[in-house]
Amino acid sequence: MTSRIAAAIATCALSLGALASGAGVATAAPSAPAGPAGDAPSLRPAIDARAAAVDRCSYQVVRSHDSRYVYSVSGVFGSGARELTPQKEDYVRVSDDWRKVVQVDACAGERGQAPTALRVTGKLDHPENYDPSVPRMIQSDDLKPAASSVIPKAPGLTSVDRLDAATVRVTWKPAQGNPDQVILMERKPFYSSELGLWHPYTFQRNVQAGATSMDRKLERHPDIPAADRTHSYWMRVVKGGFVSDLRAEKPVTVEP
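Note that this is a predicted model, so its numbers are computed, not measured. The residue numbers shown here count from 1 along each chain, following its written sequence. With pLDDT at 70 or above as the cut-off, local features in this predicted model cover only qualifying residues; side-chain atom pairs require 80 or more to be listed or tallied, and sums for whole chains, interfaces and linings still use all residues. Each side-chain value is derived from all of the structure's non-hydrogen atoms; neither hydrogens nor water enter the calculation.

A. Seen up close, the overall build of the chain. Helix and strand counts for the chain come out as one helix and 17 strands. Nonlocal contacts in the chain, meaning residues at least 24 apart in sequence, comprise 65% of its contacts between residues at least 6 apart. A total of about 13,300 Å² of accessible surface is found on the chain, and carbon and sulfur atoms cover 50% of it. Numbered from the N terminus, helices here are DSSP runs of H or I no shorter than four residues, and strands are runs of E no shorter than two. By definition in these notes, contact holds between two residues if any of their heavy atoms fall within 4.5 Å. Areas reported here follow the Shrake-Rupley algorithm with a probe of radius 1.4 Å; residue values treat only the protein chains shown as occluding.

Here is the structure:
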């Protein structure tokens, strides 16, 4: 899919989220537009980020995002640094702000030495398209990873039950540890009126405090391509600016 199509779908999804009703609030991660070169001095000179250990080898970095840049995460080992292998990443709404959550492997190719710090670097993509005043490279401060205890745990799904031909009830275990936000993740066909097509899209639906279920409508339009009709559900939580382990998410799928 081209970047134009992806951006259009994201924009339409945000509009849909604003109009959504019912138990959840639908939100979709934005694709930040590249501003005019003349706006460069007003942008952040560095990357706002935080890091924590997920386990012995995996680290989570939650950072700000400027779509003009291509990002990497490096680990500091002794007097040197090396780029770390990405495991999984996604946009997550944290404290009313969209952040990019990236998990990386610090053990790949090494003997399991823990990094003393993590560092995020952004390199300007296609710099020839930007005014020389736009920074070609941006960085975070060196990040001292917090302990793995700060990574919250998402509750597991217990069932996805069909209530009628067009409705399912998604049920999950009670969230533990008083997370700041519990999120039902829903991937389903989404119609882009701008592009005139159906395409799978992932929505993040905020869950009311204490709730353990939510009813969801299935998209059953006859124009949805057969390969894109599957609906998937899983849980995610946010606490203290960190997100539950993205690798542990196991979607439950249903067919409309």
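And the narrative resumes.
B. Seen up close, the sheet that holds strand β6 (residues 85-94). Here four strands make up an open sheet; going across it, the order is β2-β3-β7-β6 and the pairing antiparallel. Whereas interior strands pair on both sides, the edge strands pair on one side only; in this sheet they are β2 (49-53) and β6. In this sheet, neighbouring strand axes are inclined to one another by 20 degrees on average, regardless of whether the strands run parallel or antiparallel. Two strands make a pair as long as DSSP finds a minimum of two bridges between them. Relative to strand β3 (residues 58-63), β2 is paired through five bridges, and the arrangement is antiparallel. Counterpart to Ala49 in the pairing with β3 is Arg63. All axes here are fitted lines through C-alpha atoms, helices being fitted over the stretch that makes contact, and every angle between N-to-C directions spans 0 to 180 degrees.

C. Summary view of the environment of Val61. Relative to the assigned elements, Val61 resides in strand β3. With residues near it in sequence (within four places) discarded, Val61 still touches Ala49, Arg50, Ala51, Val73, Lys100, Val101, Val102, Leu118, Val120 and Leu143.

D. Focus on unusual backbone geometry. Phi at Ser95 is positive, roughly 50 degrees, even though this residue is not glycine. Considering the arrangement of structural elements, one finds Ser95 in the loop between β6 and β7 (97-105). Type-normalised accessible area, obtained with a 1.4 Å probe on protein chains alone, sets the label of each residue: buried when under 20%, exposed when over 50%, and partly exposed for intermediate values. Residue classification places Ser95 among the exposed positions, given a relative accessible area of 69%. Phi is positive for His126, close to 50 degrees, though the residue is something other than glycine. With respect to the element layout, His126 can be found in the loop between β8 (117-124) and β9 (137-139). Judged by its relative accessible area of 45%, His126 falls in the partly exposed class.

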